[in-house]
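# Close look at the chain arrangement
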Amino acid sequence: IKDFTRLRHGDTAELDLAVDIQRSGSASTPFPLTVNLDGARQQFELALDGQALRWRHRVELGRKATGWGSVELPADGNGRDNAAYFVYAAVQQLRATVVGASAPGRRLLRLAAGASPKDATRATDGMAPDESAGLNLKDQSLLIWQAPLPQGSVAQRIRDFVAEGGAVIFFPPGKPDAGRFENVGWGEAQAAASDKPLRVVRWEEKEGPLAKTDEGFSLPVGELAVQRRQNIDGDTTVLAAFEDGTPFFARRALGKGRFFFCATLPEPEWSTLGDGLVLVPMMQRMLQT
């Protein structure tokens, strides 16, 4: 099971499952896959044309709060890898905190990480960098940081938050910053030619914040026009890159959690990221992480 997410629809819910299936042969014969939810079994016939397949499926939970399930392959020569198990818990409130240098920037990032007024399971708070000494990450899911990288006890608090399973995304401070977070930091800020914005030409679409939608549609990452960027320095996994190979979006694991760096800001003088078609799903997925 590559991923599963609990989705809420009014008073009911469903699980969105993503299952990776691999085999050594390349026969195209359909095979049965069984989904077991709390003892109720449902079988599906899948066609695997090559040697690997990512299968997505939604399971209705109704009003169930907690439970368990499994995904099972038919019997073969190795019974140890024929079943993968999962558990699901009650809906939890997802909260994000934005630490931003400008009030308009904080407002935009809070909107991107928030949800519709009908969704009471999500909430966002905002503060200026000089208020970060009082940063409280208890019960938070995501920290959005747009300021010089944190130092001292604030940085340690954020490290502990990520190590325990939280997610953090750092946006450029827009000025030189000698700080480091887990040996990752900001390089110099660069501007594109006024008539030739920088373009993202490669990004990870199989998993992560920039993955395709459940319907198989790509996010319009390649349509972003970037006028300014600040280079990402350090050992990271690059999830998206500009045409010259410079990282646009990068990730690093720390304990149970992850932190991300984005090389541009969602502000008009920086890029079109603030239009929301990429920013909103990106932020929402990190919030779920």
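Before reading further, recall that the structure is shown in the block above.
To start, this report covers the structure provided alongside it.

## Details of the overall build of the protein
- When helices and strands are counted, the protein shows 3 helices and 17 strands.
- Taken over C-alpha atoms, the radius of gyration comes to 21 Å for the protein, in line with the 19 Å a tight globule of 289 residues would show.
- Taking the principal axes of the C-alpha coordinates as reference, the protein spans close to 60 × 40 × 35 Å.
- Here the protein, with 289 residues, has 44% of them falling under the buried criterion.
- The contacts in the protein between residues at least 6 apart in sequence include a share of 65% that link residues at least 24 apart.
- Counting only carbon and sulfur atoms, one obtains 48% of the accessible surface of the protein, whose full area is about 14,800 Å².
- Seen as two clouds, the 34 positive and the 36 negative side-chain charges of the protein have centres 2 Å apart.

## A closer look at the environment of A103
- Checked against the element boundaries, A103 lands in helix 1 (residues 103–113).
- Residues A103 and A128, 25 residues apart in the sequence, show an inter-C-alpha distance of 7.9 Å.

## A look at the environment of S194
- As for its position among the elements, S194 is in the loop between strand 12 (185–191) and strand 13 (200–203).
- Exposure remark for S194: the relative accessible area of 72% places this residue in the exposed category.
- Residues S194 and N36, spaced 158 residues apart in sequence, show a C-alpha to C-alpha distance of 56 Å.

## Focus: the pattern of salt bridges
- A complete count under the given rule lists 9 salt bridges for this structure.
- Between D16 and R56 there is a salt bridge, and its shortest N-O distance comes to 3.3 Å. Residue D16 is located in strand 2 (residues 12–22), and its partner R56 is located in strand 5 (residues 52–62); the two are separated by 40 residues in the primary sequence.

## Points about the sheet that holds strand 2
- Spatially, 1-2-5 is the arrangement adopted by the 3 strands of the open sheet, whose pairing is antiparallel. Every other strand in the sheet has two partners, leaving strand 1 (3–9) and strand 5 as the edge strands with one partner each. Each adjacent strand pair in this sheet contributes to an overall mean axis angle of 20 degrees, direction not counted.
- Relative to strand 2, strand 1 is paired through 7 bridges, and the arrangement is antiparallel. The residue bridging F4 from the neighbouring strand is L17, located in strand 2.

## Looking at helix 2 (residues 152–163)
- Given a rise of 1.5 Å per residue, 12 residues ought to cover 16 Å, and the 17 Å separating the end C-alpha atoms of helix 2 matches this to within 8%.
- Those residues of helix 2 not exposed but buried are V154, A155, I158, F161 and V162. Projected down its long axis, helix 2 carries its buried residues within an arc of 120 degrees, all on one side. Of the exposed residues in helix 2, those oriented more than 90 degrees away from the buried face are G152 and S153.
- Packing partners of the buried residues in helix 2 comprise strand 10 (142–146), strand 11 (167–171), strand 16 (247–254) and strand 17 (257–262).
- G165 sits one or two residues past helix 2 and shows a positive phi near 120 degrees.

## A closer look at the nonpolar core
- I158, I169, F171, F249 and M283 are the most contacted members of the largest nonpolar core, which has 56 residues in total.
- Aside from chain neighbours lying at most four places away, what touches I169 is L142, L143, I144, W145, F249, F260, C262, M282, M283 and M286.
- With 18 residues, the next largest nonpolar core counts A13, I21, L33 and V59 among its residues.

## Things to note about the side chain of E14
- Tracing the sequence through the fold places E14 in strand 2.
- A polar contact is formed between the side chain of E14 and the side chain of R58, at a distance of 3.0 Å.

## Details of helix 3 (residues 279–288)
- Burial within helix 3 is extensive, with 7 of its 10 residues counted as buried.
- All buried positions along helix 3 are accounted for by L279, P281, M282, M283, Q284, M286 and L287.

## A look at the sheet that holds strand 7 (residues 83–88)
- Within the open sheet, the 4 strands sit side by side as 4-3-6-7. Their pairing is antiparallel. The open sheet terminates on both sides in strands that have one partner only, identified here as strand 4 (40–46) and strand 7. Adjacent strand axes in the sheet meet at a mean angle of 20 degrees, parallel and antiparallel pairs treated alike.
- Where strand 6 (residues 67–72) and strand 7 come together, 6 bridges link them in antiparallel fashion.

Here is what the cut-offs are and how they apply
- Residues numbered from 1 in each chain as written.
- Predicted model: local features only at pLDDT ≥ 70, side-chain atom pairs only at ≥ 80, totals over all residues.
- Heavy atoms only, no water.
- Helix = DSSP H or I, 4+ residues; strand = E, 2+ residues; numbered from the N terminus.
- Rg over C-alpha atoms; globule rule 2.2 N^0.38 Å.
- Buried < 20%, exposed > 50% of the residue type's maximum accessible area, 1.4 Å probe, protein only.
- Contact = heavy atoms within 4.5 Å.
- Areas by Shrake-Rupley, 256 points an atom, 1.4 Å probe, with all protein chains shown as cover.
- Lys, Arg positive; Asp, Glu negative; His and termini not counted.
- Charge placed at Lys NZ, Arg CZ, Asp CG, Glu CD.
- Salt bridge = Lys/Arg side-chain N within 4 Å of Asp/Glu carboxyl O.
- Pairing = 2+ DSSP bridges.
- Axes fitted to C-alpha atoms, helices over the stretch in contact; angles between N-to-C directions.
- Expected span 1.5 Å × (residues − 1).
- Arc of directions from axis to C-beta.
- Core = buried A, V, L, I, M, F, W, Y, C linked by side-chain atoms within 4.5 Å.
- Polar contact = N/O pair within 3.5 Å; in protein donor to acceptor, adjacent residues only side chain to side chain.

Interpretation in functional terms is not warranted from these geometric data alone.
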